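Summary of structural features
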Amino acid sequence: MIRRNTGFANLTAGYLFPEVARRSREYAASHPDAKIISLSVGNTTEPLTPHISKAMADYASSLATPEGYSGYGDEQGLSALREKVAGTFYAGMAEADEVFISDGAKCDIARIQTLFGRKARVAVQDPAYPVYVDGSVLIGAAGACRNGQYKGITYMPCTPENNFLPDFSKVRKNSLIYFCSPNNPTGYTSTKEELQQLVDFARTNGCIIVFDAAYAQFIRTPGLPMTIFEIPGARDCAIEINSFSKPAGFTGVRLGWSVVPGTLAFADGTPVIKDWSRVMTTLFNGASNIAQHGGLAALDPEGLVEMKNIIDYYLENVKMIHDALAGDNFRKAGVQVYSTGNSPYLWVRFPGYKSWDIFDRILDKCRVVTTPGSGFGASGESFLRFSSFGHHEAVTEACGRLSLLQL
């Protein structure tokens, strides 16, 4: 018989978010009268906005006509959308032919592992979005797991004690560095000076950065970089991954993009963009044409205003959750809330608690679902991630319940 991919056997546990969902379902089944509110996974809740949804509906209707029907499109994405992404987010920093349209950031992060193979050295922030580690394990680049960490991965602790900025000197030469800003789960948004340290290290040590900018449109503090390509030298060492999921509510529509500079090269001088184009044309067949027309509309002036308004809506939820968690009951228990206002997430430390224990307590006492920080890495132990994705009414009720919690 064919042997199993050892990467699956090396995975230490089930993926974090299905486990959160499983525990929530079990609690709901045993408490049928409980109204459970989720402040957990990063799934958008507000309806698609009028200008964007109309563009998709109109395009979908046109597919029923001989003039409007379209079949396969370019695997790299509609030329008009690639040009619009480049012009809107990377004017002067990236060209349209360096933009690749996809079915979302998570899918790109998984596919991008194929560029580097199982012998690649990998470094990740700790805590980090689980797919960085799990994707590396599945492709065979992580090795065996010992004491909860994989020997082939360098973990870079990002904690309040180091201001969420890792010590890059611990990263081995010629590594693939996953870096996310605004960060998921901590919400921390790196400054230009901090990202310059990352870029300088990568260039000096032969590393390539996979920069996850999926939450860049939440940045409200002036001067904070919204793309790694604002940093001098980044075009020689970085790939950027981004998405319409959070700003446009496309978590189910599925649309994202990657930027691979033409100047980025492997050790043998081969342009990375050449192999990425091969991946996108071989392992992928292009994002939905309907979704791409939604993306075109999202980058119209009307669409950009609509996206900003949706993000502001979620940031209002952030403030409500922050105020609830800063109440006397939490303050007296030593609870520490980390939120910059530039992310949909709040990172909250509960001293004396294990992450899953405080998850269970809040679920039981408040009927509120959160996300255990330990699921993002060892440095997330004793933390919970609170998500602002929710209707105002539900978030308001959840905050009221949290304000009564005794720790």
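Placed above this text is the structure.
Please read all numbers here as calculations on a predicted model, not as lab measurements.

Thoughts on the overall build of the protein
Along the protein, the regular secondary structure elements total 14 helices and 15 strands. Taken over C-alpha atoms, the radius of gyration comes to 21 Å for the protein, in line with the 22 Å a tight globule of 407 residues would show. Projected onto the principal axes, the alpha-carbon positions of the protein cover approximately 55 × 55 × 50 Å. For the protein, the proportion of its 407 residues judged to be buried stands at 52%. Long-range pairs, those at least 24 residues apart, make up 74% of the contacts in the protein with a sequence separation of at least 6. For the protein, the computed accessible surface area is about 17400 Å², with 53% contributed by carbon and sulfur atoms. Mean positive and mean negative side-chain charge positions of the protein (38 and 40 charges, respectively) differ by 9 Å.

A closer look at the sheet that holds strand β14 (residues 371-372)
What the four strands build is an open sheet, ordered β11-β12-β15-β14; its pairing is antiparallel. Strands with a single pairing partner mark the edges of an open sheet, and in this sheet they are β11 (336-338) and β14. Two strands pair when backbone bridges link them, and strand β12 (residues 345-349) and strand β15 (residues 383-387) are joined in this way by five bridges, in the antiparallel orientation. Note that in β15 the partner of Trp-347 across the bridge is Arg-385. Sitting on the sheet, helix α11 (residues 301-325) is in contact with β11, β12 and β15, with an inclination near 15 degrees to β12.

Overview of the packing of helix α2 (residues 16-30) against helix α13 (residues 355-366)
In contact at an axis separation of 11 Å, α2 and α13 are set at 35 degrees when each is read in the N-to-C sense. Note that α2 runs across α13; the crossing there is right-handed. Counting all contacts with α2, which are made through Leu-16, Glu-19, Val-20, Arg-23, Ser-24 and Tyr-27, the residues of α13 involved are Trp-356, Phe-359, Asp-360, Leu-363 and Asp-364. Per-class residue counts for the contact of α2 with α13 are six nonpolar, one polar and four charged.

Regarding the nonpolar core
General note: in soluble globular proteins, nonpolar side chains tend to be found buried as a group. Formed by 126 residues in total, the largest nonpolar core has its most connected members in Val-85, Phe-244, Ile-362 and Phe-386. Counting residues per element, this core draws most heavily on α11, at ten residues. Leaving out residues up to four positions away in the same chain, Ile-362 has contacts with Phe-350, Arg-367, Val-368, Thr-370, Leu-384, Phe-386, Leu-402 and Leu-405.

Overview of unusual backbone geometry
Put simply, Asp-126 and Pro-127 share a cis peptide bond, and its omega is 10 degrees. Examined against the element boundaries, Pro-127 turns out to sit in the loop between β3 (121-126) and α6 (130-139). In this chain, Ser-181 is followed by Pro-182 through a cis amide linkage whose omega measures -10 degrees. With respect to the element layout, Pro-182 can be found in the loop between β7 (175-180) and α7 (192-205). Despite not being glycine, Arg-254 has its phi angle at roughly 70 degrees, a positive value. One non-glycine residue, Ser-382, lies in positive phi territory at about 80 degrees. In this fold, Ser-382 is placed in the loop between β14 and β15. According to the relative accessible area criterion, Ser-382 is buried, its value standing at 14%.

Looking at the packing of aromatic side chains
Remark: the centre distance and the inter-plane angle together describe each pair of aromatic rings, the angle taken between the planes. Taken as a whole and judged by the stated rule, the model has 25 aromatic pairs. Summarising the aromatic geometry, the rings of Trp-347 and Phe-376 are spaced 6.2 Å apart at their centres and angled 80 degrees between planes, so their arrangement reads as edge-to-face. Of this pair, Trp-347 sits in strand β12 while Phe-376 is found in the loop between β14 and β15, placing the two residues 29 residues apart along the sequence. Residue class for Phe-376 comes out buried when judged on its relative accessible area of 4%. Taken together, the ring pairs connect Phe-17, Phe-164, Tyr-188, Tyr-338, Trp-347, Phe-376 and Phe-383 into an aromatic cluster. The ring centre of Phe-100 lies 5.3 Å from the NZ or CZ of Arg-82, which sits over that ring. Looking at Arg-111, its charged tip hangs above the ring of Phe-284, at a distance of 4.3 Å from the centre.

Here we look at helix α10 (residues 289-298)
Because each turn of an α-helix spans 3.6 residues, side chains separated by three or four positions end up pointing in the same direction. Extensive coverage of α10 is indicated by the burial of eight of its ten residues. Of the residues making up α10, those classed as buried are Asn-289, Ala-291, Gln-292, Gly-294, Gly-295, Leu-296, Ala-297 and Ala-298. As for α10, its buried residues are in contact with α3 (50-62), α4 (79-89), β2 (99-102) and α11. At the N-terminal boundary of α10, the capping side chain belongs to Ser-288, with an oxygen 3.1 Å from the backbone nitrogen of Ile-290.

Some words on the sheet that holds β2
One open sheet accounts for seven strands, arranged β2-β10-β9-β8-β7-β3-β6; its pairing is mixed. Both outer strands of the open sheet, β2 and β6 (153-157), are each paired with one neighbouring strand and no more. Adjacent strand axes in the sheet meet at a mean angle of 20 degrees, parallel and antiparallel pairs treated alike. Relative to strand β8 (residues 208-212), β7 runs parallel, the two being bridged by five bridges. Directly across from Ile-177, in β8, lies its bridge partner Ile-209. Here helix α5 (residues 105-112) sits on the sheet in contact with β2, β7, β8, β9 (238-243) and β10 (256-259), set at roughly 150 degrees to β9.

Let's talk about the packing of α3 against α10
Following both chains from N to C, one finds α3 and α10 inclined at 145 degrees, their axes separated by 8 Å at the closest point. Where α3 crosses over α10, the handedness of that crossing is right-handed. Residues His-51, Ile-52, Ala-55, Met-56, Tyr-59 and Ala-60 of α3 form the contact with α10, whose own contacting residues are Asn-289, Ile-290, Ala-291, His-293, Gly-294, Ala-297 and Ala-298. Per-class residue counts for the contact of α3 with α10 are nine nonpolar, four polar and no charged.

Thresholds applied
Residues numbered from 1 in each chain as written. Predicted model: local features only at pLDDT ≥ 70, side-chain atom pairs only at ≥ 80, totals over all residues. Heavy atoms only, no water. Helix = DSSP H or I, 4+ residues; strand = E, 2+ residues; numbered from the N terminus. Rg over C-alpha atoms; globule rule 2.2 N^0.38 Å. Buried < 20%, exposed > 50% of the residue type's maximum accessible area, 1.4 Å probe, protein only. Contact = heavy atoms within 4.5 Å. Areas by Shrake-Rupley, 256 points an atom, 1.4 Å probe, with all protein chains shown as cover. Lys, Arg positive; Asp, Glu negative; His and termini not counted. Charge placed at Lys NZ, Arg CZ, Asp CG, Glu CD. Pairing = 2+ DSSP bridges. Axes fitted to C-alpha atoms, helices over the stretch in contact; angles between N-to-C directions. Left-handed = near helix turned anticlockwise from the far one by under 90°. Nonpolar A, V, L, I, M, F, W, Y, C, P; charged D, E, K, R; others polar. Core = buried A, V, L, I, M, F, W, Y, C linked by side-chain atoms within 4.5 Å. Phe/Tyr/Trp six-rings, centres within 6.5 Å; stacked < 30°, edge-to-face > 60°. Lys NZ or Arg CZ within 6 Å of the ring centre and 35° of its normal. Polar contact = N/O pair within 3.5 Å; in protein donor to acceptor, adjacent residues only side chain to side chain.

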